[in-house]
Amino acid sequence: MPNATLSTSTAPARPISGQIITFALVGVVNTATYYGLYLLFLRYLPYLAAHILAFFLSMIGSFFLNARFTYRTRPTWRKFLLFPLTNATNFVITTVGVYVIVDMLHAGSTFAPLMASAAAIPVTFVVSRWVMLPKVRAV
């Protein structure tokens, strides 16, 4: 991959500690968006369909927020197309978690996605950083 990747940045790179803090703040916004959509869709759809639809819609917002604020990089089609890969593990963990919490533990569907998503956060940060800032991994 050519070094031109670095020229797509919209602002200077920030230290990883700043990225982690901003990632967490974007995550709060993304989680609130996801959860609001989940509750809205839950009125009309089964819980797994509501989860999947809300997840994918909030992932689009997450891409743009993380590109702009967390990693300060210009969104590109390449990054946009790779970004869902960053959430693949998150999706599997949260979907299995929602299923386990609702169908196996019978804990109810209202708060299940919030509980299930906690375990996926660190993995999502590492993979999203790798996709959004591929040159940083060599530091």
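Quantities reported herein were computed from a predicted structural model and do not represent experimental measurements.

Undergrad: Please clarify how helix α6 (residues 121-132) should be interpreted in this entry.
TA: Owing to its 3.6 residues per turn, the α-helix aligns residues three or four sequence positions apart on the same side. With 12 residues, α6 should cover 16 Å at 1.5 Å per step; its first-to-last C-alpha distance of 16 Å lies within 8% of that length. Where α6 is concerned, the buried positions are Thr124, Phe125, Ser128, Arg129, Val131 and Met132. Taken down its axis, α6 places every buried residue within 160° of arc, on the same side. Turned more than 90 degrees away from the buried face of α6 sit Pro122 and Val126, all of them exposed.

Undergrad: Teacher, can you tell me more about unusual backbone geometry here?
TA: Most peptide bonds take the trans configuration, and most residues that are not glycine carry a negative phi. A positive phi angle is found at Arg72, which is not glycine, with a value near 50°. Within the secondary structure layout, Arg72 lies in the loop between α2 (47-70) and α3 (77-86). Positive phi values are uncommon outside glycine, yet His106 reaches one of about 55°. As for its position among the elements, His106 is in the loop between α4 (88-104) and α5 (112-117).

Undergrad: Looking at this structure, I do not really get the side chain of Thr73. What am I missing?
TA: Within the element layout of this structure, Thr73 appears in the loop between α2 and α3. In terms of polar contacts, Thr73 uses its side chain to reach the side chain of Lys79, at 2.4 Å.

Undergrad: Looking at this model, I keep getting lost on the packing of α3 against α6. Mind explaining?
TA: The description of two helices packed together rests on the angle between their axes and the distance between the axes. With their axes 9 Å apart at the nearest point, α3 and α6 run at an angle of 160° to one another. When the axis of α3 is compared with that of α6, the two are roughly antiparallel. Crossing of α3 over α6 shows right-handed handedness. On α6, the residues that touch Lys79, Leu82, Phe83, Leu85 and Thr86 of α3 are Thr124, Val127, Ser128, Val131 and Met132. For the contact of α3 with α6, a count of residues per class yields six nonpolar, three polar and one charged.

Procedures and definitions
- Residues numbered from 1 in each chain as written.
- Predicted model: local features only at pLDDT ≥ 70, side-chain atom pairs only at ≥ 80, totals over all residues.
- Heavy atoms only, no water.
- Helix = DSSP H or I, 4+ residues; strand = E, 2+ residues; numbered from the N terminus.
- Expected span 1.5 Å × (residues − 1).
- Buried < 20%, exposed > 50% of the residue type's maximum accessible area, 1.4 Å probe, protein only.
- Arc of directions from axis to C-beta.
- Polar contact = N/O pair within 3.5 Å; in protein donor to acceptor, adjacent residues only side chain to side chain.
- Axes fitted to C-alpha atoms, helices over the stretch in contact; angles between N-to-C directions.
- Parallel < 35°, antiparallel > 145°, perpendicular 65-115°, else oblique.
- Left-handed = near helix turned anticlockwise from the far one by under 90°.
- Contact = heavy atoms within 4.5 Å.
- Nonpolar A, V, L, I, M, F, W, Y, C, P; charged D, E, K, R; others polar.

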